[in-house]
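In case you want the letters, here they are:
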Amino acid sequence: KGEEIKKGDILIKKGTRITPSELSVCAAFGQSNINVLKQPKVAIFATGNELIEPGKKLKEGKIYNSNLYMFSELVRKAGGKVVMQDVVKDDKSALHSYLSEALENCDLIISSGGVSMGRYDHVRDVFMELGVKESFWKVAQKPGKPLFFGSENDKLIFGLPGNPISSFIGFMEWVLPVIDQMMGSPERPYLSGVLQGDFQRDKIKFRYLFGNAWVDQGKVLCRPSKKIGSHMLTSALGANCILGATPGDEDLKSGDSIQVNLLPWADLS
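On a predicted model such as this, the values are computed, not experimentally measured, just so you know. (Residues numbered from 1 in each chain as written. Predicted model: local features only at pLDDT ≥ 70, side-chain atom pairs only at ≥ 80, totals over all residues. Heavy atoms only, no water.)

A. Highlighting the pairing of strand β9 (residues 155–160). By the criterion of burial, β9 is predominantly enclosed, with five of the six residues buried. For strand β5 (residues 108–112) and β9, the ladder comprises five bridges, and the chain directions are parallel. Looking at the pairing, isoleucine 109 lines up with isoleucine 157 of β9. Sheet topology places strand β8 (residues 148–152) next to β9; five bridges connect them, and they run antiparallel. Within β9, the residue paired with phenylalanine 148 across the bridge is glycine 159. Counted along the chain from β8 to the antiparallel partner β9, the turn is two residues long, and its residue asparagine 153 has a positive phi close to 60 degrees. (Buried < 20%, exposed > 50% of the residue type's maximum accessible area, 1.4 Å probe, protein only. Helix = DSSP H or I, 4+ residues; strand = E, 2+ residues; numbered from the N terminus. Pairing = 2+ DSSP bridges.)

Spelled out as structure tokens, the structure:
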């Protein structure tokens, strides 16, 4: 008696994500029903008449739709369930139809593009028309300034910029913590790293760059990507973290401390 677990011990702590290990342990101890949080139902969409699907011939003035594939995988890794996914035309009627359905059927809506101040950026306007309460629009960060967040009853809405790195970093810094909270997951802590190389700061905005971090003699060392354009999705290749620096007139130098946000799938070895 009591060899594996004693009376009064907690078998699985609240907030633990269910994997094959937890599932089989529940069965082994005779638990046929357990209380869990529902997976949030998520709608993701991109706007832009210039977007075409990978595999098709790239014509002049067109770009491939990459952000929805990125969002879909990020939502899945976070534990959410994508139930709506589409590229919506830069047209108020099309946006109104899609967003009406998303607000009816989803817990979380994530858009890519259409929240800036361009001629065809209608997403924010349509949100307002549908009764979404805006909490904020535009944040002092680079990349990803034109970021929108609002709500409609218990539905949460994020409007992320269309540039792929802006969308990627916006998701990791703003959307992922929300999905974690919806799933009852513990908060992911930031680390403090020591720069191995320079980091260009912005004078008025919080600056983010993809990078690599590793542990050496008990210290977290890190280096930013050399590609800094918000359109350069390849800057995320091989990265295991996002580095962040507060605004300042002088760039950070090798040996300075910097904020490190490890990607959930990161390996520090």
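Read on for the rest.
B. Representation of the sheet that holds β5 within the structure. Taken in spatial order, the six strands make up an open sheet running β4-β1-β5-β9-β8-β6, and their pairing is mixed. This sheet does not close on itself; its edge strands, each paired only once, are β4 (81–88) and β6 (133–137). Neighbour to neighbour, the strand axes of the sheet diverge by 15 degrees on average, direction disregarded. Those strands touched by helix α5 (residues 164–182) are β5, β6 and β9, and its axis lies near 170 degrees from that of β9. (Axes fitted to C-alpha atoms, helices over the stretch in contact; angles between N-to-C directions. Contact = heavy atoms within 4.5 Å.)

C. Geometry of the layout of surface pockets. Reported here for the largest pocket is a volume of approximately 640 Å³. Counted by class, the lining of the largest pocket contains 10 nonpolar, eight polar and three charged residues. What lines the second largest pocket is a set of 24 residues, and nearest its centre among them are Thr47, Glu50, Gly113, Gly162 and Asn163. Of all elements in the fold, only β1 (41–47) and β3 (63–64) reach the threshold of two or more residues within the lining of the second largest pocket. Of the residues assigned to the lining of the second largest pocket, the class counts are 10 nonpolar, 11 polar and three charged. (1 Å grid on protein atoms, 1.4 Å probe; cavity = no way out; pocket = protein on both sides within 12 Å on 5 of 7 lines; lining within 4 Å. Points joined across faces, edges and corners; volume = space filled by probe spheres on them. Nonpolar A, V, L, I, M, F, W, Y, C, P; charged D, E, K, R; others polar.)

D. Summary view of the pattern of salt bridges. Per the counting criterion, the structure on display carries seven salt bridges. In this structure, arginine 188 and aspartate 180 form a salt bridge, with 2.5 Å as the shortest nitrogen-oxygen distance. On the accessibility criterion, arginine 188 (33% relative accessible area) is partly exposed. On the basis of relative accessibility, which here comes to 4%, the residue aspartate 180 falls in the buried class. Between lysine 253 and aspartate 198 there is a salt bridge, and its shortest N-O distance comes to 4.0 Å. (Salt bridge = Lys/Arg side-chain N within 4 Å of Asp/Glu carboxyl O.)

E. Here's a closer look at the pairing of strand β11 (residues 206–216). With two bridges connecting them, strand β7 (residues 141–142) and β11 associate as parallel partners. Residue pairing in the sheet places glutamine 141 in a bridge with phenylalanine 206 of β11. Bridge count for β11 against strand β13 (residues 241–245) is five bridges, and the pairing is antiparallel. Counted as the bridge partner of glycine 211 is cysteine 241 from β13.

F. Examining empty space enclosed by the protein more closely. A full pass over the atoms with the stated rule returns two cavities of 30 Å³ or more. Lining the largest cavity we find Leu74, Lys77, Ala78, Phe171, Met172, Leu176, Arg188, Pro264 and Trp265. Contributing elements (two or more residues each) for the lining of the largest cavity: α2 (67–78) and α5. Tallied by class, the residues present in the lining of the largest cavity amount to seven nonpolar, no polar and two charged.

G. Inspection of the side chain of asparagine 67 at higher detail. Inspection of the secondary structure puts asparagine 67 in helix α2. Looking at asparagine 67, its side chain comes within polar contact range of the main-chain oxygen of glycine 162, at 2.8 Å. Excluding residues within four positions of it along the chain, asparagine 67 makes contact with Ser112, Pro161, Gly162, Asn163, Pro164 and Ser167. (Polar contact = N/O pair within 3.5 Å; in protein donor to acceptor, adjacent residues only side chain to side chain.)

H. Broad picture of the side chain of glutamate 22. When you line up the elements, glutamate 22 lands in helix α1 (residues 20–28). For glutamate 22, which is buried and forms no salt bridge, the nearest opposite charge comes from arginine 17, at a distance of 9.1 Å. (Lys, Arg positive; Asp, Glu negative; His and termini not counted.)

I. The arrangement of the nonpolar core in detail. Counting 34 residues, the largest nonpolar core has Phe71, Ile110, Phe171, Met172, Val175 and Phe210 as its most contacted members. Mapped onto this core, the elements with two or more residues apiece are β1, α2, β5, β9, α5 and β11. The biggest single contributor to this core is α5, with nine residues. Setting aside residues no more than four positions away along its own chain, valine 175 makes contact with Leu108, Ile110, Phe158, Leu160 and Gly170. Core analysis: the next-biggest nonpolar cluster, separate from the first, contains 19 residues, Ala43, Phe45, Val88 and Cys106 among them. (Core = buried A, V, L, I, M, F, W, Y, C linked by side-chain atoms within 4.5 Å.)

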